[in-house]
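# Observations on the three-dimensional arrangement
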Amino acid sequence: MIVYGVALLSACLILGMLIGEALGVALNVEANVGGVGIAMLFLVFASNSEKFKSLTEGAAGSGINFWSAMYIPIVVAMAARQNVAAAVDGGMLALLAGVAAVVVSFALVPVLSKIGSGPSTEESEEQGAV
Amino acid sequence: MELIETVFVRNNLIVAFAVVGVTIWISYLVADKLTHGRIHGSAIAIALGLVAAYFGGVATGGNTGVADIALLGGIGLMGGGMMRDFAIVATAFGVHLSELKKAGVAGVISIFAGVIVSFIVGAVIAILFGYTDAAEITTIGAGAVTYIVGPVTGEAIGASDAVITLSVAAGLVKSILVMIGTPLVARYIGLNNPQSAMVFGGLMGTTSGVAAGLAATDPKLVPYGAMTATFYTGVGCLLGPSILFFIVSGIY
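This one's a predicted model, so the numbers in the text were calculated from it and none came from an experiment. Every chain begins its residue count from 1, and numbering advances along the sequence as written. As they are written, the chains are lettered A onward and the ligands numbered 1 onward, keeping that order. The predicted origin of the model limits local features to residues at a pLDDT of at least 70 and limits the giving and counting of side-chain atom pairs to 80 or more, whereas totals for whole chains, interfaces and linings rest on all residues. Here the side-chain values reflect all heavy atoms present in the structure, with hydrogen atoms and water set aside.

Attention now moves to the domain arrangement of chain B. All names here are of chain B. Along its sequence, chain B is organised into domain 1 (2-79) and domain 2 (97-251). An automatic or database domain assignment supplies the residue ranges for each domain. Taking only C-alpha atoms into account, the centre of domain 1 sits 26 Å from that of domain 2. The term buried area refers to how much accessible surface (probe radius 1.4 Å) is lost by two components on association, counted for both of them together. Both sides of the domain 1 and domain 2 interface together cover about 470 Å² of buried area, and 82% of this is carbon and sulfur. Considering only the surface of domain 1 that becomes buried against domain 2, His40, Ile46 and Leu50 emerge as the three largest contributors, covering 75% of it.

Dropping the structure here:
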């Protein structure tokens, strides 16, 4: 049943959001802390686990794959509802602050990726042992 | 006319599916015929969406782009936070745990590095523009983190509405630039594997920007970047009104 996969996906999102919201309250932050990321972890665990096979294989899996495939159309809709006019109205300060933050962050991607890939062979061996 | 409006408004989400579908079809056609596949179809579709959002915003004076036009109201629901998060989580289906573990440490470092670096850049530019009040500098710096961190920080430390609006604008510029710029720079920053995608998500942090930028670069990388990006705003809201504000007020 397709709806089983969709229901699993929904349950992951709601559970993740609840935890993210609770983390926000615990840290005294007015934001959901990583709710979506936690939900993704749940789905990764479920799709890698034997127990949830009936919810992730066959028709149920295509229920999840459908929403995964709808991702780009949803992102296009998301782009179309951004407050672009306000960003343009922000003037030079907003423009410079935004552009500079992006340029510096782009430049850091290869630097930090290297930090990750250096010891990664050792790490994966450790995980293999565990 | 009234008849069309009734049908369109009543079925707004369905209209959105159709409109987005046609937009993507045109974009892929353009990508194929005019750029010979050099620019990804989804990058063109996202750019078209942003252009439409600009004109929608100018025409209606609203703050949700095209979605403020009554006939296209469904775009607001389809592209809203709920559907976006649902689809992002779905992209994690089929991701291997080992890939996540490999970049785990670098991913976490990148989140903190991303928040702090963006904040410093934003704050320095605020200072260059002549701001001397610690709350104002902090709020603009926080805006360069994301357009959510800006207002959350600004309200917490009592910045003026004008500065909070500026911080939102800075965050929007960042988000839009990440959407457009990522596919263009991907090759030069080594953005072609799950590890660098996780670092990228952590450094950029704007969920919308990362989501769209990676989609236009390589859809396979989306779950990895999105995973770290979704922690970024939370970390930003945590550091902005606290440590980062204390540091700035110590200097000013």
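What follows is about helix H11 (residues 194-204) of chain B. Residue and element names in this part refer to chain B. H11 sits mainly inside the fold: 11 of its 11 residues count as buried. Listing the buried residues of H11 in full gives Pro194, Gln195, Ser196, Ala197, Met198, Val199, Phe200, Gly201, Gly202, Leu203 and Met204. Every helix listed is a DSSP run of H or I at least four residues long, and every strand listed is a run of E at least two residues long, numbered separately from the N terminus. One or two steps after H11, the chain reaches glycine 205, where phi turns positive at roughly 80°. Three exposure classes are used, based on accessible area relative to the maximum for each residue type with a 1.4 Å probe and protein chains only: buried under 20%, partly exposed in between, and exposed over 50%.

This part is about the nonpolar core. We define a nonpolar core as any set of buried Ala, Val, Leu, Ile, Met, Phe, Trp, Tyr and Cys residues linked to one another through side-chain atoms lying within 4.5 Å. Within the largest apolar cluster, 76 residues are counted, with the highest numbers of intra-cluster contacts made by A:Leu43, A:Tyr71, B:Ile46 and B:Phe200. Top contributing element to this core by residue count: helix H5 (residues 71-80) of chain A, with 9 residues. A:Tyr71 has contacts with B:Ala87, B:Ile88, B:Thr91, B:Ala211, B:Ala212, B:Ala215 and B:Val222, leaving out every residue within four places of it along the chain. Counting residues in hydrophobic clusters, the runner-up holds 19 residues, among them B:Ile111, B:Val115, B:Ala142 and B:Val149. It only takes one pair of heavy atoms within 4.5 Å for two residues to be counted as in contact.

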